[in-house]
Structure formats: structure tokens, C-alpha cells
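The lines below spell out each chain.
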There are 2 protein chains.
Amino acid sequence: MADVADLFRRVTTGVYVIGVADGERRNAFTAAWLTQVSFDPLLLALSVNREHASYPLLLSGGGFVANVLRRDQLHLAEAFGTRSGRDQDKLAGIPWRPAPSGAPILTQAIAWLDCRIHDRFAAGDHEIILGRPVAGELVAPDADPLLYQDTGDLDGSRELYPRALG
Amino acid sequence: MADVADLFRRVTTGVYVIGVADGERRNAFTAAWLTQVSFDPLLLALSVNREHASYPLLLSGGGFVANVLRRDQLHLAEAFGTRSGRDQDKLAGIPWRPAPSGAPILTQAIAWLDCRIHDRFAAGDHEIILGRPVAGELVAPDADPLLYQDTGDLDGSRELYPRALG
């Protein structure tokens, strides 16, 4: 059998910068585990690591903005990744504006969705946040989204997969 | 603002034929709402429509196989789609073999993951099934997965989106 990490790369996702805010406190982090899960009501599921610095802001702010990255925006995925450290202001020097909820919309994102927390559930070492989109915009209709499978080992996740399944 | 359906197409997913089985009763359906959600334990989240004919088989069989479709396998996505009707045997004429769990692996899939149900949660008009992969194979490492955004209006979902958000 091929490597488990290689196998999981065939479960396709995009790459997002997830913006959160509670009042004037703001943060953002790179995530890939996001999918629509319902039509009525319209819901997205985002899987988040509870140990991220953004997690308490996501809860206290009551929502998140999913910023869709473009195929050539690997540098933004990197700038907001866990390897960038939790003590620096990741938003410094990157153009953004507040969504209706206050969470940061990256000006360069090809699309964004501003979501309020609808429900949440434990999912192993992460938590699934169900988000109800209340605003959004397709900024660059002709741009292709970045695929997680094209980010290489940017996030260093390869070592987090088991050696075999079962 | 652009059409909500167009906006949601920027939330990237792959396209899968989800195989289920309970003993000798088998079925399969096309799905796009699948993502990894946890590393330890390794978990996938699949959002399923409880009204699908496959749903009771998924529950009674206790798991599912996610078959990853290749970019040129739109015909398989169509063959297992909801528009193909619930009374016909969708697997007839399509090469498959049983996974360790008994659920169908499509021989032509580029990869497959055999998952047992770890947990499940209500998510609007769907249900999120958390699956723990117990077996899997990357059959065609050089093939590109089909993207949902490239399936056009194959599933007729455009009309299921609201006209506006909020």
C-alpha cells in the first residue's frame, strides 16, 4: 500500500485563511478541512484544532470568515500557517477589511464567506464547527482555487499520519 | 453579488462514489461533501442525505467505502447520482469488488478508503458521519481526482441554493 499521507491527498479540499474576531481582537489561520454539509439551512463544516490561538476568538466572536485562496497564493497559506508562530500579528502587512461580523476578509482572496456558528461537535483531536453563511462574495470569478494537494509539505502534516490503516 | 451557487463552487471538494453494504445487500451513491477532520484518531467526515436509499444500509452495515473518482470519470458520478433513480441496481455492469467490510470498491477508482462509523451528528438537512478508515489503497498515484466544481450541473443542485445569503 502507498503511504497513508499520499492516499489522504486524494481526498480533495481547497485552502482557506479563516478569519476570526471578537471586538477589536482579530486573528486568522490557514485551514483545508472545510466543506458544505447542508442545503436547508445552508451550512458549512469547518474542522478546527482547539489548541490554535484563534479557537477562543472563534468561539467568543461567534463565527468565522472563510477566505478562499487562489492557486498562486501559497505565500498566504504559509503566512497564516501554524509554522508562522502564535505570537506575531499575522495580519500585519496583508491587506484586509472587516466582514459584517468584524472578522478579517483578505482583500486578495478570490471569494469569502462570513459564517455564524450554528452548532459544533467533537471530532477526534479537532472540533467541527457548523457555520451558517450570512454574507459572502465571489470577488474573482475567473480565478482557480488553490488545492490542498498542491501545497506539498507546507504544513508539515505528513508525519501526523499513521504508517498504516487498521 | 454573484450567484450563491457560483460562490459555493469555490469551496473545493472531490467527487466520490460511496459504497455501502449490509451482508449481501449493497448500494452506492455519488457524494462530494467529504473531508478529513482529525489526525488522531484519523477521521473523515461525510455529509449524507438521510433520505437516500443507501442511508439505512450505511447505518446497519456500520460503515462506507469512499471511492475517489478520476477527472475523466464524470460518467461514474452520473451513474451513481440521485438522478439515476433508487429502484435500479446501480452497480450492475460496473466492475467492483467487496472491501474488507463488504462495501463495494469500484475497480476503476483511483483510490479508496474503507471506513467504520466513529460517530454521527445532525447537520441541517443532512447528517455528518465520522468515519474511521480501517483499510485503503492508492490505486492510481498519477491520476488527478475529479473536482466537484468541474461537474457542471450534473446533480441539479443549483436550484437548491438560496438567491441571497443572510
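Residues numbered from 1 in each chain as written. Chains lettered and ligands numbered in written order. Predicted model: local features only at pLDDT ≥ 70, side-chain atom pairs only at ≥ 80, totals over all residues. Heavy atoms only, no water.

Draft legend 1. Quick peek at the confidence of the model for chain A. In this model, chain A carries an average pLDDT of 94, and 96% of its residues clear a pLDDT of 70 or more. Across the predicted assembly, pTM comes out at 0.96 and ipTM at 0.96. (pLDDT = per-residue confidence, 0-100.)

Draft legend 2. Fine view of the relation of the copies chain A and chain B. The two copies are related by a screw operation: chain A maps onto chain B through 180 degrees of rotation and 0.0 Å of translation along the axis, at an RMSD of 0.0 Å. Interpreted geometrically, this transformation is the action of a two-fold axis. For chain A, the residue whose C-alpha comes nearest the rotation axis is Thr 13 of chain A, separated from it by 2.5 Å. Interface overlap between copies: 100% of the residues of chain A at the interface are likewise at the interface in chain B, consistent with a symmetric, same-surface contact. (Least-squares fit on C-alpha atoms with pLDDT ≥ 70 in both. Contact = heavy atoms within 4.5 Å.)

Draft legend 3. Structural view of the sheet that holds strand β1 (residues 16-22) of chain B. All names here are of chain B. Strand order in the open sheet formed by seven strands is β2-β1-β5-β8-β9-β4-β3, with antiparallel pairing between adjacent strands. With partners counted over all chains shown, the strands left at the sheet margins are β2 (25-31) and β3 (34-38), one partner each. Looking at each pair of strands side by side, their axes are set apart by 35 degrees on average, direction ignored. (Pairing = 2+ DSSP bridges. Helix = DSSP H or I, 4+ residues; strand = E, 2+ residues; numbered from the N terminus. Axes fitted to C-alpha atoms, helices over the stretch in contact; angles between N-to-C directions.)

Draft legend 4. Spatial organisation of the sheet that holds strand β5 (residues 63-68) of chain A. Residues and elements named next belong to chain A. With antiparallel pairing, seven strands are arranged side by side in an open sheet as β2-β1-β5-β8-β9-β4-β3. At either margin of the open sheet sits one strand with a lone partner, and together these are β2 (25-31) and β3 (34-38). Neighbour-to-neighbour, the strand axes of this sheet turn through a mean angle of 35 degrees, independent of strand direction. For strand β1 (residues 16-22) and β5, the ladder comprises four bridges, and the chain directions are antiparallel. Note that in β5 the partner of Gly 19 across the bridge is Val 65.

Draft legend 5. Representation of the pairing of β2 of chain A. Residues and elements named next belong to chain A. Within β2, five of the seven residues are buried, which leaves the element mostly enclosed by the surrounding structure. Where β1 lies against β2, seven bridges are found, and the strand directions are antiparallel. What sits directly across from Val 17, in β2, is Thr 30. Between β1 and β2, which pair antiparallel and follow one another directly, the connecting turn spans two residues, one of which, Gly 23, has a positive phi of 65 degrees. (Buried < 20%, exposed > 50% of the residue type's maximum accessible area, 1.4 Å probe, protein only.)

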